[in-house]
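Overview (structure and organization)
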Amino acid sequence: MAKKHGTNFIEAHIEKVVLALALVVFGWVVYSYVLSPDGVRLDSDTMSAQEATGKAADLTDDIIRTPPPLEPVPAWQPQADSLFAGVTPYEGKAVRLGPPIIDDLNVEDPRGYVVPDIPGLQDIKVQLTQDLVLRSAEGESRSQEPTLPGGMFAGRTSDMVQTDIDFVTVSATFSMEDLFNAFERNFGPGGIEKPLDQYEPVVAYVNLQRRSLLPDGSWSPPQTIQRDTEDPMKNIEISPEEIGRLSETQYQVTLNDRFNYQNQIKLLQPMPPRLVNPSAWESPSGEESPERGRAPSPGPAGPGPGGIPGIFGPPMGIPMPMPMGQPGVGRRPRQGEGTVDQIKKKDLKIWAIDTQVTPGDIYTYELQLGFFNPIADKDWYKDEAQKDLKYQRILWSPPSSEKAVIRIPLRTVFFPKDSPGKFTGNQIRIDVYRKQVGNWYKKTFRVSPGSEIGDVLEQKMAEEAAPRGPMNIMGMPASTKQDQTIEVDYRTGATLIDVVPDNMRWYVKPHLAKPVQCTDIIYRDRDGSIQRMGTDKTTWPDELGKLQSTIIRAMRQQE
């Protein structure tokens, strides 16, 4: 063979390289598929894939047939030892922890109730009381005053003053017996599989609303009347707005706390203010007027318990306040004990008192009772139509259909007194009458146009009113000066605008009409209305003339 020239090493030996690679591949095939076939090595044995699969199935069957034993559960978890340290297990047994608490786990309660309707109020009536009332000289509630043994008032707050008061009592008849029976049927054991623990009706709020007659003849928006400052339930009663803001737990606590017959009686039948003359107020219930906590009527008074006037009792002729809560003469029957028999009546007399009236105003009243909803905040309503009551914590009676209207008499009235020929310059004489501290007072003012009619003047007190000043703890007058004089408020709230002299009017009576020449006054009353009045009595309306005659007779009886 001739030697090849111009070729490299690989080209020269390519046949040998291919032959060597072929031998290597052949050797790997023989080793893998002949000398060492496919399989799984388990322990020291090698088996095929099929054999390994069968072996695994046999082991699984053995595990299912004979499960391994579990670790024994301890009698209690180690954490329980610290939680129950010092606590003897019930009946000597070990205490086990309960299942974990899941917050969003809803446990269904199969309860279902029907909320009864609240009956309406009947026989609405209004009563006006005008009298003297005992108030703290410092304007504080007497119910908060400290007391000495025997009921005597201690401290400077025991100084009391007698002041005028006008208040309205709005009463009605309510069938509490029917409501008790309805609650027992719907919430109690009278037919319910799962009765409530407390199923009786509980008074939540007595809603007294008032409207005032406006100068244009319309009525003002309703105003909710609050309890008097010295009413013992003033700081106990909770408004509907406050009840609505309570949490669910607070609401249940409040409901249970109000389940008290004594408090419910005080809510439904409140005591009037501390009157000097208790007989001035007639109890709507028809019972004897409660006199507990009031002073006797002015008049001769006997010596105190020690027999010495002014030492252990009031001085002669000076009334002394009767301590609150003391039993004795005039005590209201059963007041304070609080029994279900006092409330559960077919025709229970209930009332509310308005001590915020203004003399001369005309009011109309509405009365409504509210009771706690015993299943508020619960999903226990059997009737689908009552589902929304879940969010209504007070169940209301229908508003009273009867309108109670009353006019508050004026305590200050005035009459122009000049006749023709007596009007001089720009002044006119006006008689102002004022009822204060239980007596009528009179003062004549000379008034010019643009000036207010009346003023506050210091004046000698009426004879029987002299001892009615502040009293100290010993029952003695706190000031000698106030036994002799008093500041009489003659302010009328009216302003004189103009005076019209020589005005011709007619005196008209049945079968009689004659001309009357007199001076007229034009004034703006306290409501802002423009009024006109003649100085001659014959030109006045009949009710105005009768009012002046009544006042004059009362003043003569005071002399």
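A brief report on the enclosed structure follows. (Residues numbered from 1 in each chain as written. Predicted model: local features only at pLDDT ≥ 70, side-chain atom pairs only at ≥ 80, totals over all residues. Heavy atoms only, no water.)

With respect to the helices and strands, Thr 229 occurs in the loop between β6 (223–224) and α5 (240–245). Taking the relative accessible area as the measure of exposure, Thr 229 reaches 54% and is therefore exposed. Along the primary structure Thr 229 and Pro 273 are separated by 44 residues, whereas in three dimensions their C-alpha atoms are 9.2 Å apart. (Helix = DSSP H or I, 4+ residues; strand = E, 2+ residues; numbered from the N terminus. Buried < 20%, exposed > 50% of the residue type's maximum accessible area, 1.4 Å probe, protein only.)

Ranked by size, the top nonpolar core spans 42 residues in total, and within it Phe 174, Met 176, Ile 350 and Tyr 365 carry the most contacts. Elements with a minimum of two residues in this core: β4 (160–174), α4 (176–187), β5 (203–212), α7 (261–268), β7 (348–354), β8 (362–372) and β10 (404–407). When sequence neighbours within four positions are dropped, the list of residues in contact with Met 176 reads Val 203, Leu 268, Ile 343, Lys 344, Lys 345, Lys 346, Leu 348 and Phe 371. Core analysis: the second largest hydrophobic core is formed by 30 residues, Phe 415, Ile 453, Val 488 and Ala 494 among them. (Core = buried A, V, L, I, M, F, W, Y, C linked by side-chain atoms within 4.5 Å. Contact = heavy atoms within 4.5 Å.)

Attention shifts here to the pairing of strand β13 (residues 439–447). Bridge analysis of strand β12 (residues 428–436) against β13 gives nine bridges, and the strand direction is antiparallel. Across the sheet, the residue bridging to Gln 436 is Asn 439, located in β13. With antiparallel pairing between neighbouring strands as the criterion, β12 and β13 make up a hairpin whose turn holds two residues, including Val 437 at a positive phi of roughly 50°. (Pairing = 2+ DSSP bridges.)

By secondary structure assignment, the location of Ile 408 is in the loop between β10 and β11 (412–416). Taking the C-alpha atoms as reference points, Ile 408 and Thr 358, separated by 50 residues in sequence, lie 6.9 Å from one another. Dropping the residues within four chain positions of it, Ile 408 is found in contact with Leu 128, Asp 166, Val 168, Val 357, Thr 358, Pro 359, Gly 360, Asp 361 and Tyr 363.

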